[in-house]
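So the chains spell out like this:
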Amino acid sequence: MATRTLIRTVALTALILGAGLAPTGAARAADSSRVPVIQVAASEATSRFIPLGIGKSVAIDLPADIKDVLVADPKIANAVVRSSRRVYMIGVAIGQTNIFFFDADGKQIAGFDIAVTRDLNGVRAALKQSFPDADIRIEGVNDGVMLSGSVSSPAEAQQAFDIASRLVGDIAKVVNGISVRGRDQVMLKVTVAEVQRDVIKQLGIDLNGSFNYGAAVVNFNTQNQFSANGGPLSTSSAIGTWKSITATLRAMDRAGVIRTLAEPNLTAISGETASFLAGGEFPYVKGTSGPPDFTPTVDFKKFGVSLTFTPVVLSEGRISLKVLTEMSELSSDGALSVPGGLSVPSLKTRRAETTVEIPSGGSLALAGMIQEQTKHAINGTPGLMQLPILGTLFKSRDYINHQTELVVMVTPYVVRAVAQKQLSRPDDGFADPNDPSAILLGRLNRIYGAAGQVKSEQPANYHGKYGFILD
């Protein structure tokens, strides 16, 4: 009975204490309104960016006394407090970290975002000395280097990149962000001149007939093939008949000259490639389609005078030029015959390619491209053609001499844009003649001055016919 009474007393006491300690609903609401608000005492949003080199330092004066210092990564940068308001920040290793300073009340005095990069003062001085007139900036980004600014030519941008890469020691860590202020334009004037000289000489006698020697009959039927040229150049004529033998003389002497001239002009931006073709394209059979029709597939091959060049303006007035010029023409030599009656011609090509450095207005001559081909063939009847005098009747001589000389002259110019009024066309001022001039005088165009121009404005230094005149 005493034990039960004790348990009830303990339970009642616990119930009373629990009721006294448990807050009511209103008390709980009051307690929740007194929960403290979390505030950010220091962050990167209020930090100031400061770049530092390895082993370099910066001194900072703060507006209040320093009580506490927080360095996020002491391996990257360190802060040394020398007085209550002066601190020294020192770069230790490449990387990024931040440093915060607090006063006695725990409030942030200042925050700094530190970026420790390579020491680029030496590289910066070298670039300034090499390019005194250029605007080149160099900054470190983590372990890399960023070049920015502007220069006058792509060559200067490349040279600045090479200097920075060598001084940094790793080309992969240098980023070239230098822009070119104005890209120069280069006009290339090319003159392609070729002269071909051909000399062909043919001499031979054809014999046709027979004579009797006792009971034997000897027949003559010799015909000269002229193997060097592939055939005779002219028809033959009989020169005499002795008994039943007819002699026919074949003789030809030919000399020819072929002149080819092309003067293409092209303009391209520095560093870009321009091309030019004066000629055409001829078709050739590339293949055939499948059964059942086997239709031929036709492709086209270019020929003529072509020019491809890539200019790079190195400095004011100096140009690095890569030029490729080619002159090709159709030829029957080596032509290909395709079944079906088709014939594909061959191409005779002269090509020159070079890379030079030349001043603006200077000329480069690609000369000495001389080719000479000589063919000399004597055909005849074995044995009889070796006779001292009569052997001439039994042999033929075929002689060919082919000479080709090609000269290519290249002249680059650094050019600027011009106004349209400073340009002229081949048909400027051209006018058709009236009927009396065309019928009675045979003129193909009118002799004229500029339309609407008074007599005092006519050119005074030239007297005679001018304009688009055909001879």
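Above this text is the structure in question.
The structure displayed is predicted, hence computed values, not measured ones.

(A) Here's a closer look at the overall build of the protein. Counting secondary structure elements, the protein contains five helices and 22 strands. Counting all 471 residues of the protein, 27% fall into the buried class. Residue pairs in contact within the protein that sit at least 24 positions apart in sequence constitute 62% of those at least 6 positions apart.

(B) Layout of a nonpolar patch on the surface. A contiguous nonpolar patch, built from Val141, Met146 and Val175 and spanning about 240 Å² of accessible area, is present on the exposed surface. For Met146, the position within the fold is in strand β9 (residues 144-151). With relative accessibility at 33%, the residue Met146 sits in the partly exposed group.

(C) Layout of the sheet that holds strand β4 (residues 77-81). A sheet is described by the order of its strands in space; here three strands give the open sequence β2-β5-β4, paired in antiparallel fashion. Each edge of the open sheet is held by one strand with a lone partner, namely β2 (57-61) and β4. Adjacent strand axes in the sheet meet at a mean angle of 20°, parallel and antiparallel pairs treated alike. The sheet contact formed by β4 and strand β5 (residues 86-91) spans five bridges and is antiparallel. From the neighbouring strand, Ala79 faces β5, where its bridge partner is Met89.

(D) View of the sheet that holds strand β1 (residues 48-53). As summarised here, the arrangement of the four strands in space is β1-β7-β6-β3, forming an open sheet in which the pairing is mixed. On the outer flanks of this sheet lie β1 and β3 (68-71), each paired with one strand and no other. The average undirected angle you get between the axes of adjacent strands in this sheet is 25°. Pairing between strand β6 (residues 95-102) and strand β7 (residues 108-117): eight bridges, direction antiparallel. Residue pairing in the sheet places Phe100 in a bridge with Gly111 of β7.

(E) Spatial organisation of the layout of surface pockets. The volume enclosed by the largest pocket comes to roughly 660 Å³. Around the largest pocket, the lining comprises 25 residues; the ones closest to its centre are Asp198, Ser331, Asp333, Lys348 and His402. The calculated volume of the second largest pocket comes to roughly 250 Å³. In terms of residues, the lining of the second largest pocket owes the most to one element, β1, which gives four residues. Residue composition of the lining of the second largest pocket, by class: seven nonpolar, seven polar and five charged.

(F) Summary view of the environment of Pro296. Mapped onto the elements of the fold, Pro296 is located in strand β18 (residues 296-315). Of the residues examined, Pro296 reaches a relative accessible area of 44% and is grouped as partly exposed. As a C-alpha pair, Pro296 and Lys286 span ten residues in sequence and 7.4 Å in three-dimensional space.

(G) Spotlight on the packing of aromatic side chains. One pass over the full model with this rule turns up two aromatic pairs. Summarising the aromatic geometry, the rings of Phe101 and Phe112 are spaced 6.1 Å apart at their centres and angled 75° between planes, so their arrangement reads as edge-to-face. Note that Phe101 is positioned in strand β6 and Phe112 in strand β7, a separation of eleven residues in sequence. Residue class for Phe112 comes out buried when judged on its relative accessible area of 5%. Relative to Phe303, the ring of Phe282 lies with its centre 6.1 Å away and its plane at 50°, an arrangement referred to as tilted. In this pair, Phe282 is assigned in strand β17 (residues 274-288) and Phe303 in strand β18, connecting sequence segments 21 residues apart. Judged by relative accessible area, Phe282 falls into the buried class, the value being 8%.

(H) Structural context of the side chain of Ser47. Position of Ser47 among the secondary structure elements: in the loop between α2 (25-33) and β1. Judged by its relative accessible area of 19%, Ser47 is buried. Excluding its chain neighbours within four sequence positions, the residues that come into contact with Ser47 are Phe100, Gly111, Phe112 and Asp113.

(I) A look at the packing of helix α3 (residues 121-130) against helix α4 (residues 154-168). For the pair α3 and α4, interaxial distance at closest approach is 10 Å and the crossing angle is 150°. By the criterion of interaxial angle, the relationship of α3 to α4 is roughly antiparallel. For the pair α3 and α4, the sense of crossing is right-handed. Residue-level inspection shows Val123, Ala126, Leu127 and Ser130 of α3 in contact with α4, the latter providing Ala160, Ile163, Ala164 and Leu167.

(J) Inspection of the environment of Thr46 at higher detail. In this fold, Thr46 is placed in the loop between α2 and β1. For the pair formed by Thr46 and Gly111, sequence separation is 65 residues and the distance between their alpha carbons is 6.5 Å. Not counting the four nearest positions on each side in its chain, Thr46 is found in contact with Gln108 and Gly111.

(K) Main features of the pattern of salt bridges. Per the stated rule, a full pass over the model turns up five salt bridges. For Arg86, the salt bridge is made with Asp61, and the minimal N-O distance between the two is 2.7 Å. Here Arg86 is found in strand β5, whereas its partner Asp61 is found in strand β2, with 25 residues between them in sequence.

(L) A look at the environment of Gly362. Within the secondary structure, Gly362 is located in the loop between β20 (342-359) and β21 (364-380). Owing to a relative accessible area of 18%, Gly362 belongs among the buried residues under this scheme.

(M) Summary view of the side chain of Asn98. The topology assignment puts Asn98 in strand β6. Those residues within four positions of Asn98 in sequence are excluded, and the remaining contacts are Glu44, Leu70, Val71, Ala72, Phe112, Asp113 and Ile114.

Rules behind the numbers
Residues numbered from 1 in each chain as written. Predicted model: local features only at pLDDT ≥ 70, side-chain atom pairs only at ≥ 80, totals over all residues. Heavy atoms only, no water. Helix = DSSP H or I, 4+ residues; strand = E, 2+ residues; numbered from the N terminus. Buried < 20%, exposed > 50% of the residue type's maximum accessible area, 1.4 Å probe, protein only. Contact = heavy atoms within 4.5 Å. Patch = residues over 30% accessible without salt bridge, like charges linked within 9 Å, V, L, I, M, F, W, Y side chains within 5 Å. Areas by Shrake-Rupley, 256 points an atom, 1.4 Å probe, with all protein chains shown as cover. Salt bridge = Lys/Arg side-chain N within 4 Å of Asp/Glu carboxyl O. Pairing = 2+ DSSP bridges. Axes fitted to C-alpha atoms, helices over the stretch in contact; angles between N-to-C directions. 1 Å grid on protein atoms, 1.4 Å probe; cavity = no way out; pocket = protein on both sides within 12 Å on 5 of 7 lines; lining within 4 Å. Points joined across faces, edges and corners; volume = space filled by probe spheres on them. Nonpolar A, V, L, I, M, F, W, Y, C, P; charged D, E, K, R; others polar. Phe/Tyr/Trp six-rings, centres within 6.5 Å; stacked < 30°, edge-to-face > 60°. Parallel < 35°, antiparallel > 145°, perpendicular 65-115°, else oblique. Left-handed = near helix turned anticlockwise from the far one by under 90°.

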